[in-house]
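# Analysis of the macromolecular model
As a plain string of letters, each chain reads:
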Number of protein chains: 2
Amino acid sequence: MDIKQYMQGVGRDARAASRAMAKASTGAKNAALNAIADAIVRDAGALLAANAQDMDQARADGLDAALLDRLQLTDKTIATMAEGLRQIAALPDPIGNMGDFKYRPSGIQVGKMRVPLGVIGIIYEARPNVTADAAGLCIKSGNATILRGGREAFHCNQAIAKLVKEGLEVAGLPAAAVQIVETPDRSAVGELITMTEFVDVIVPRGGKSLIARIAADARVPVIKHLDGICHVYIDDEADPEKAIRIADNAKTHRYAPCNTMETLLVNATVAELILPPLAEIYRAKGVELRGCPATRDILPDAIAATEEDWRTEYLAPILSIKVVADLDEAIDHINTYGSHHTDAIVTENYTKSRRFLREVDSASVMINASTRFADGFEYGLGAEIGISTDKIHARGPVGLEGLTSEKWIVFGDGEIRV
Amino acid sequence: MDIKQYMQGVGRDARAASRAMAKASTGAKNAALNAIADAIVRDAGALLAANAQDMDQARADGLDAALLDRLQLTDKTIATMAEGLRQIAALPDPIGNMGDFKYRPSGIQVGKMRVPLGVIGIIYEARPNVTADAAGLCIKSGNATILRGGREAFHCNQAIAKLVKEGLEVAGLPAAAVQIVETPDRSAVGELITMTEFVDVIVPRGGKSLIARIAADARVPVIKHLDGICHVYIDDEADPEKAIRIADNAKTHRYAPCNTMETLLVNATVAELILPPLAEIYRAKGVELRGCPATRDILPDAIAATEEDWRTEYLAPILSIKVVADLDEAIDHINTYGSHHTDAIVTENYTKSRRFLREVDSASVMINASTRFADGFEYGLGAEIGISTDKIHARGPVGLEGLTSEKWIVFGDGEIRV
């Protein structure tokens, strides 16, 4: 197969399908989503069989346990997939929203209309549930999508794709609205991320190295997530009870997510009050502590933190702790070493909370709440295609709206420019 | 000079200045803008002298008349530059706007705050007024900026930069908030558009070839404008008087702007009624007509249009005309051959106007108005950094808001994730 020619064909079909999707009714899109959910429940057996084929191959290839775990489909994950699609069907349709209208002195009335982006390329790794999830979000937002899953999930992804196409056709929508790249050849990704005439945005989901590589090579704009080096700053005017509760939850609720705290900053005035009881909680949960010299004066058994620690996303039961002199030092540390993802202050002080809110340059900035809340569902988006650490277009949790854009619309009555 | 090292230094200083600009008060930013305007008026003589130096060099280098015209400063263009800055000072400050607040079941209150993008790189050609204009927009929107003007305007740009720095310092803002690249070496552009750690977005302003080259080589996101192949579709239910007025204005008001009509589409039912009187107007104004076979049946002296004509932005008194069977053919032609910039329908029909509005995939879609209205000032943005033909982040005329982003803000009372 000539990969370039094949991908150009996929792109051309996607572009054509995107026109039909852009004008598809809300009812048709919801009917497709529910039909896909029905088909997934109906054909659960076939999906499990296809998944078993992938699992056998993955085991034969010696893939590690974490990857096998992500690849595995079960009755429960299949039910969750179907339920996710029904939830997307129940969300309001963002497309066609109009607003911001104003009359101009020329007589024209200017406003904006929310529209799909067009064609979205999604590149992801082992999890086969992303196939249904991403397809669902793109259908609801009126986009066509080209999905490129991991080679490990090849059979399962093809089986899901078949059901997606069936659901689209049941609803009278073009089957090419959701296409799965049908070759495991790696060069297909290279084509996908450079076909600027056919693809409007790329959303990579997966490990940092995959995303960095795609961002480096893409010619199509990328909505991406790199590091999650999140901070909690405990101010000298913090409520100690809230501070300990939040610092505990932000680190230990779960260790792997991107919104988990990696560095704790504590104001010097309250460090002796806050750190010992907090360290006891962390120790009981098996969290390794790495501290600056002032931290180690208070917690002698903490390991000495290096410069590298402030820049590290552990994704593990490890926490770096720094004692800071004041709010300025805290904000400066966060803006310098953080990843502009999610950062929180714990304080009862009005002025300092306002300064933290404005001056911390992160996608999510919080007062007296756990960083773990930075999530599309917790924010009420109803669904999440990912979390963006970019600044343009979409920042932080990205829901349906992140897959749309706004065009200007002008209502006139024969006006001309003079 | 080691260009890479120099540009890294510029980038580092810009990043540091962007922190101060992000928290600068509205009053300080406005004070800077007005101080720069004052300094420009005060030092008009020095600016004219620097400009004369550039003009002499440009003439010696044999640059063409159009470029010399863009390069030339006059008392009037200097007054316009100063007035432009005062107008930017008078606009509302977009930074710090908060909204979309909602309480979530967890107890947290989630909303959004408008924030600067950070560091904006602007690359432009001969016009020295862009230096003041772009600096003004970036100051008001709380960004730091790195300006890279054309080599032809080198002395004049340096003279303007000196006044900008003076104005920033008068207002207590960092002088490095606006930096002009001080080397004519072309490789500085290559550095600017790839320093992802120091630059958040690139705005190229100039000819299509400059922009295409920058977009191809940039690693930093680019807000760009490529073609303006704009259409007017005259429907069979158009008011003939509005149709002729709009089709005349959209083509002949000015020939060079990107929002000027390049292709006229006319419904077959009304072609014989509309085209002859319209052709008479165009002929009187010296517009060359190129038509499809059906057009030439009605206008025998029109030149035969080729496939290439439908894809061409003439920027000249040339118009291609196509007779179409219906709305579907018109929309299909626009989405296929257009540049997704600005397209208008002339019709009195409610249903067809709604379909055109939704299905035409362009940054500006108009009903019964001239395409020439697609402009930041006409839309009421108060200022314009450019017009984007991209889909993500900013579409169509880009004002102050296009230089900003939104971050999520969370107000809590000690909430943790369970």
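Residues numbered from 1 in each chain as written. Chains lettered and ligands numbered in written order. Predicted model: local features only at pLDDT ≥ 70, side-chain atom pairs only at ≥ 80, totals over all residues. Heavy atoms only, no water.

### Regarding the overall build of chain A
Of regular secondary structure, chain A possesses 15 helices and 16 strands. Radius of gyration (C-alpha) of chain A: 24 Å, near the 22 Å computed for a compact globule of 418 residues. Counting all 418 residues of chain A, 60% fall into the buried class. Sequence-distant contacts in chain A: of pairs separated by 6 or more residues, those separated by 24 or more amount to 72%. Counting every atom, chain A has about 15,800 Å² of accessible surface; 51% of that belongs to carbon and sulfur. Mean positive and mean negative side-chain charge positions of chain A (46 and 57 charges, respectively) differ by 5 Å. (Helix = DSSP H or I, 4+ residues; strand = E, 2+ residues; numbered from the N terminus. Rg over C-alpha atoms; globule rule 2.2 N^0.38 Å. Buried < 20%, exposed > 50% of the residue type's maximum accessible area, 1.4 Å probe, protein only. Contact = heavy atoms within 4.5 Å. Areas by Shrake-Rupley, 256 points an atom, 1.4 Å probe, with all protein chains shown as cover. Lys, Arg positive; Asp, Glu negative; His and termini not counted. Charge placed at Lys NZ, Arg CZ, Asp CG, Glu CD.)

### So, the sheet that holds strand E5 (residues 178-180) of chain B
Residues and elements named next belong to chain B. As summarised here, the arrangement of the four strands in space is E5-E4-E3-E6, forming an open sheet in which the pairing is parallel. Lying at the two open borders of the sheet, with one neighbouring strand each, are E5 and strand E6 (201-204). When the angles between neighbouring strand axes are averaged without regard to direction, this sheet yields 20°. Direction of pairing for strand E3 (residues 119-123) relative to E6: parallel, over a ladder of four bridges. Across the sheet, Ile 122 pairs through a bridge with Val 203, a residue of E6. (Pairing = 2+ DSSP bridges. Axes fitted to C-alpha atoms, helices over the stretch in contact; angles between N-to-C directions.)

### Looking at the relation of the copies chain B and chain A
Its rotation angle being 180°, the transformation that places chain B on chain A also includes 0.0 Å of axial translation and leaves an RMSD of 0.0 Å. Those values place the two copies in the arrangement expected of a two-fold rotation axis. For chain B, the minimum C-alpha distance to the rotation axis belongs to His 393 of chain B and amounts to 1.9 Å. Both copies share a contact surface, since 100% of the interface residues of chain B are interface residues in chain A too. (Least-squares fit on C-alpha atoms with pLDDT ≥ 70 in both.)

### Focus on the interface of chain B and chain A
Taken together, the 73 residues of chain B in the interface contact 73 residues of chain A. Three residues stand out in chain B for area buried against chain A, namely Arg 358, Trp 408 and Arg 417 of chain B, and they jointly supply 15% of the buried area on that side. Seen at the junction of chain B and chain A, the total is eleven salt bridges. Notably, a salt bridge pairs Arg 417 of chain B with Glu 378 of chain A, separated by 3.2 Å at the nearest N-O pair. Inspection of the chain B/chain A interface yields 53 residue pairs in polar contact (both at pLDDT 80 or more). Alignment of strand E13 (residues 364-369) of chain A against strand E16 (residues 404-415) of chain B, held across five bridges, turns out to be parallel. Residue pairing across strands places Val 365 of chain A opposite Ile 409 of chain B, the latter belonging to E16 of chain B. (Buried area = accessible area lost by both parts, 1.4 Å probe. Salt bridge = Lys/Arg side-chain N within 4 Å of Asp/Glu carboxyl O. Polar contact = N/O pair within 3.5 Å; in protein donor to acceptor, adjacent residues only side chain to side chain.)

### Let's talk about helix H3 (residues 44-60) of chain B
Residue and element names in this part refer to chain B. Relative to the 24 Å expected for 17 residues at 1.5 Å per residue, H3 spans 24 Å between its end C-alpha atoms, a close match to the ideal helical length. Of the positions making up H3, those classed as buried are Ala 44, Leu 47, Ala 50, Asn 51, Asp 54, Met 55 and Ala 58. For H3, the buried positions fall inside an angular range of 145° around the axis, keeping them on one side. Of the exposed residues in H3, those oriented more than 90 degrees away from the buried face are Gly 45 and Ala 60. Looking at the packing, one finds that the buried side of H3 touches helix H2 (26-42), helix H4 (65-71), helix H5 (75-90) and helix H7 (154-170). Looking one or two residues past H3, Gly 62 carries a phi angle of roughly 75°, positive in sign. (Expected span 1.5 Å × (residues − 1). Arc of directions from axis to C-beta.)

### Let's talk about the side chain of Ser 388 of chain B
All names here are of chain B. Tracing the chain through its elements places Ser 388 in strand E14 (residues 386-388). A polar contact of 3.0 Å, which involves the side chain of Ser 388, links it to the backbone nitrogen of Asp 390. When near neighbours in sequence (up to four residues on either side) are disregarded, Ser 388 contacts Ile 223, Lys 224, Ala 363, Ala 394, Arg 395, Gly 396 and Val 398.

### Here we look at the pattern of salt bridges
Two side chains carrying opposite charge are able to pair once their charged atoms lie near each other. Scanning all chains against the criterion turns up 69 salt bridges over all chains. For Asp 38 of chain B, the salt bridge goes to Arg 86 of chain B, with nearest N and O atoms at 2.9 Å. Of this pair, Asp 38 of chain B sits in helix H2 while Arg 86 of chain B sits in helix H5, and the two are 48 residues apart along the sequence. Look at Arg 86 of chain B and you get partly exposed, because its relative accessible area is 29%. Each of Arg 15, Arg 19 and Asp 200 of chain A together with Asp 361, Lys 391 and Arg 395 of chain B takes part in one network of salt bridges that share partners.

### Topic: unusual backbone geometry
Even without a glycine there, the phi angle at His 340 of chain A is positive, about 60°. Take His 340 of chain A: it is sitting in the loop between helix H14 (327-337) and strand E12 (342-346). When its relative accessible area of 23% is taken as the criterion, His 340 of chain A is described as partly exposed. One non-glycine residue, His 393 of chain B, lies in positive phi territory at about 70°. On the secondary structure map, His 393 of chain B appears in the loop between E14 and strand E15 (396-398).

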